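This is what each chain is made of:
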Amino acid sequence: MLGTAGSRTTPARRPRRGSDAGGKGGTGYSFRRRGSRTDPQLSGAYPDGRDPQALTSELGRLIDDRGWALDLKVRGVFARWAEIVGPEIGAHTTPETLVDGTLVVRTDSTAWATQLKLLATTVVRRLNEELGAGTVLVVEVLGPHAPTWKHGRRKAPGSRGPRDTYG
């Protein structure tokens, strides 16, 4: 198929517009140069946007475009929680959420909840050093999850659980 009209080896033909049909031969077609200075360059010696990019720069651009920078920092702090607040506090507390400057932390006992409430200003200062000033404003401390008395093997219909026997 080499040399047929429309293949890559023959130049593109376009009919001329206007009353002048082309002079030479009178066919109405003229040869047009394939590339011009305004057409995009197909290849070149210098890098452009079509060249392979480093993964770190593309990930950084994606994170900036989507606005994920603060979320990723927060997740990084949650992953290094014991390192940031100390191993003893980190062993008994777990960060849950950070929304609008309020950090919610769950503790495994009420004693640790009280201890963390006393250390809240220190934790806020340390987290703002990691995340940026003003990111964490308040630490809300939650105690351990309480057991539910709603369900069990021995339950009378309409009763409130074991509380109904306390008089």
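Refer to the structure printed above.
On a predicted model such as this, the values are computed, not experimentally measured, just so you know.

**Looking at the sheet that holds strand S4 (residues 102-107)**
Strand order across the open sheet formed by three strands is S3-S4-S5, with mixed pairing between neighbours. Of all the strands in the sheet, the pair left with one neighbour each is strand S3 (93-99) and strand S5 (138-142). Neighbouring strand axes in the sheet, compared pairwise and without regard to direction, differ in orientation by 25 degrees on average. Packed onto the sheet, helix H5 (residues 110-118) meets S3, S4 and S5 and runs at close to 150 degrees relative to S4.

**So, the packing of helix H2 (residues 69-79) against helix H6 (residues 120-131)**
Interaxial distance between H2 and H6 falls to 10 Å at its minimum, and their mutual angle equals 130 degrees. With respect to their mutual orientation, H2 and H6 come out oblique. Classified by chirality, the crossing of H6 by H2 is right-handed. Listed contacts from H6 to Lys 73, Val 74 and Val 77 of H2 are Leu 127, Glu 130 and Leu 131. The residue inventory of the contact of H2 with H6, partitioned by class, reads four nonpolar, no polar and two charged.

**Re the nonpolar core**
Core analysis: the largest hydrophobic core is formed by 20 residues, its most contacted members being Trp 81, Leu 103, Val 123, Leu 127, Val 136 and Val 139. Counting only elements with at least two residues in this core, the list comes to H2, helix H3 (81-85), S4, H5, H6 and S5. At five residues, H6 tops the list of elements feeding residues into this core. When residues no more than four places from it in sequence are discounted, the contact partners of Val 136 are Leu 98, Gly 101, Leu 103, Val 124, Leu 127, Asn 128 and Leu 131.

**A few points about the pattern of salt bridges**
In a structure, side chains of opposite charge can pair up when their charged atoms sit close to one another. Scanning the model with the defined rule gives eight salt bridges in all. For the salt bridge of Arg 61 with Asp 65, the shortest nitrogen-to-oxygen distance reads 3.2 Å. Here Arg 61 pairs with Asp 65, and both are found in helix H1 (residues 55-66), just four residues apart, close to one helical turn. A salt bridge links Glu 130 to Arg 80, with the nearest nitrogen and oxygen atoms 2.6 Å apart. Highlighted residues: Glu 130 in helix H6 and Arg 80 in the loop between H2 and H3, separated in sequence by 50 residues. Accessibility expressed as a relative area gives 30% for Arg 80, which makes it partly exposed. One salt-bridge network, held together by shared partners, links Arg 80, Glu 83, Arg 125, Arg 126, Glu 129 and Glu 130.

**Concerning H5**
Taken residue by residue, H5 has Trp 112, Ala 113 and Leu 116 as its buried positions. For H5, the angular spread of the buried residues around the axis is 105 degrees, confining them to a single face. The exposed residues of H5 that point more than 90 degrees off its buried face are Thr 110, Ala 111, Lys 117 and Leu 118.

**With respect to the pairing of S4**
Across the six residues of S4, five count as buried, placing the element largely inside the fold. The pairing of S3 with S4 spans six bridges and is antiparallel. The partner of Thr 93 across the bridge, within S4, is Thr 107. A loop of two residues connects S3 with S4, the two strands running antiparallel in sequence, and Asp 100 in this loop sits at a positive phi of about 55 degrees.

Scoring rules and cut-offs
Numbering of residues begins from 1 in every chain and follows the order in which that chain's sequence is written. Whole-chain, interface and lining totals are the exception, using all residues; otherwise, since this is a predicted model, local features are given only for residues with pLDDT of at least 70 and side-chain atom pairs are given and counted only at 80 or more. Side-chain metrics rest on all non-hydrogen atoms present in the structure, leaving aside hydrogens and water. Two strands pair under a simple rule: DSSP has to find at least two bridges between them. A run of H or I in DSSP counts as a helix once it spans at least four residues, and a run of E counts as a strand once it spans at least two, with each numbered from the N terminus. Simply put, an axis is a line fit to the C-alpha atoms, just over the touching stretch for a helix, and the angle between two N-to-C directions goes from 0 to 180 degrees. Throughout, a residue-residue contact means that at least one pair of heavy atoms, one from each residue, lies within 4.5 Å. Throughout this description, any angle smaller than 35 degrees is read as roughly parallel, any larger than 145 degrees as roughly antiparallel, any in the 65 to 115 degree range as roughly perpendicular, and the remainder as oblique. Rotating anticlockwise by less than a right angle from the far helix to the near helix defines a left-handed crossing, while the corresponding clockwise rotation defines a right-handed one. Only Asp, Glu, Lys and Arg are considered charged in this grouping, and only Ala, Val, Leu, Ile, Met, Phe, Trp, Tyr, Cys and Pro are considered nonpolar; every other residue, Gly among them, is considered polar. Nonpolar core, defined: a set of buried Ala, Val, Leu, Ile, Met, Phe, Trp, Tyr and Cys residues in which side-chain atoms within 4.5 Å join the residues together. Only protein chains enter the accessibility calculation, which uses a 1.4 Å probe; a residue whose area is less than 20% of its type maximum is buried, one above 50% is exposed, and one in between is partly exposed. Take a side-chain nitrogen of Lys or Arg and a carboxyl oxygen of Asp or Glu: if they are within 4 Å of each other, that pair is a salt bridge. Each C-beta atom gives one direction from the helix axis, and the arc is the one those directions make.

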